[in-house]
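Examining the three-dimensional arrangement
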Amino acid sequence: MINKKQLLRRWLTCLLVLALIISWALPQSVQAKSKTFSVVAVGDSLTYGVGDPNHRGGYCYLIKKPLQKATKKKVQVANFGISGETSAQILKRVKTKSSLRHDLKQGQLIVITAGGNDVMHALRARGLKLSEKQLLTYQKQYTANMEQMIHEIRTLNKKAPIYIYGIYNPYAIYFKKIPGMKRAINNWNKNTQQLTQEHWRVHFVDISALARPKKLQYSKKTQETTNPLLYTKDYFHPNRQGYQLMTNKLWQKLQKTKSEWRP
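Residues numbered from 1 in each chain as written. Predicted model: local features only at pLDDT ≥ 70, side-chain atom pairs only at ≥ 80, totals over all residues. Heavy atoms only, no water.

Where like charges cluster on the molecular surface, the positive patch consists of K65, K69, K72, K258 and R262. Take K65: it is sitting in helix α5 (residues 64-71). (Patch = residues over 30% accessible without salt bridge, like charges linked within 9 Å, V, L, I, M, F, W, Y side chains within 5 Å. Areas by Shrake-Rupley, 256 points an atom, 1.4 Å probe, with all protein chains shown as cover. Salt bridge = Lys/Arg side-chain N within 4 Å of Asp/Glu carboxyl O. Lys, Arg positive; Asp, Glu negative; His and termini not counted. Charge placed at Lys NZ, Arg CZ, Asp CG, Glu CD. Helix = DSSP H or I, 4+ residues; strand = E, 2+ residues; numbered from the N terminus.)

Encoded structure:
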């Protein structure tokens, strides 16, 4: 005869064995998720971090600190930025690159930079004669690419919020002769903002302030006026202060939508 104490011991032993089996069977990614917070950043040179003097990935590095404080977890940022890529090239990677697709599937927060090189391609093709109407053709293709990108990401990850950075107008100082450029860039950003509003958990991050510093820098030696938020080697990419501005703008949007990502 088995007494009650022996029966209880056997029952507890069975529970312990079952718990160990379940723990062993769980994928490592599921177990790790409770200890880490996963961010996936995909895009062009602004995601890669060109212009960051410390070569740490610009906003991809800087956003870790506030996220770690908010989530109380170790923040891991997978940086899939490639300098020079257009929205079409970024879309192709989202569709075909296995490591990127794997991380997008696991990501708890997704950030995208795209569009700046689409505008640069237009400038290279048309030069200073680029008109607002001609740029609209590139904008329409960009919009179609971003629509597909959002759709593709959603096939991999239904829930993670997506944050899409707008573009800024460094040409405001250096290409004043391009007709309607300021208005065209503003319309481009309005179009991207509207696109994000048409999708669930997709948000627009406005960084047009990168082209509007509080104070411009003037060099008596070169007699040039420069933007203190931009990288001095190309006056196009952000510098340290510029990437901090990008991070601040992203964090502001993250705080407004924290119910979508905060554990």
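Burial of the side chains of strand β4 (residues 162-165) extends over both faces: I162 and I164 are buried on one face and Y163 and Y165 on the other. Pairing between strand β3 (residues 109-113) and β4: three bridges, direction parallel. Pairing of I112 across the sheet is with I164, part of β4. Pairing of β4 with strand β5 (residues 202-205) involves four bridges; the strand directions are parallel. Pairing of Y165 across the sheet is with V205, part of β5. (Buried < 20%, exposed > 50% of the residue type's maximum accessible area, 1.4 Å probe, protein only. Pairing = 2+ DSSP bridges.)

What follows concerns the side chain of T196. On the secondary structure map, T196 appears in helix α11 (residues 181-197). T196 gets classed as buried once you look at its relative accessible area, which sits at 2%.

This part is about the sheet that holds strand β1 (residues 36-43). Pairing within the open sheet is parallel, and its five strands lie in the order β2-β1-β3-β4-β5. Two strands lie at the open edges of the sheet, namely β2 (74-81) and β5, each paired on one side alone. With direction set aside, neighbouring strand axes in the sheet form an average angle of 20 degrees. The sheet contact formed by β1 and β2 spans eight bridges and is parallel. The partner of S38 across the bridge, within β2, is Q76. Of the strands in this sheet, β3, β4 and β5 are in contact with helix α9 (residues 132-156), which crosses β4 at around 160 degrees. (Axes fitted to C-alpha atoms, helices over the stretch in contact; angles between N-to-C directions. Contact = heavy atoms within 4.5 Å.)

Taken together, the buried positions of helix α8 (residues 116-126) are G116, N117, D118, V119, M120, A122 and L123. Looking one or two places after α8, you find G127, whose phi comes out positive at around 65 degrees.

Those residues of helix α6 (residues 87-96) that fall on the buried side of the exposure criterion are S87, I90, L91, R93 and V94. Taken end-on, α6 shows its buried residues confined to a sector of 160 degrees, consistent with a single buried face. Turned more than 90 degrees off the buried face of α6, the exposed positions are K92 and T96. Packing partners of the buried residues in α6 comprise β1, β2, α7 (98-106), β3, α8 and α9. (Arc of directions from axis to C-beta.)

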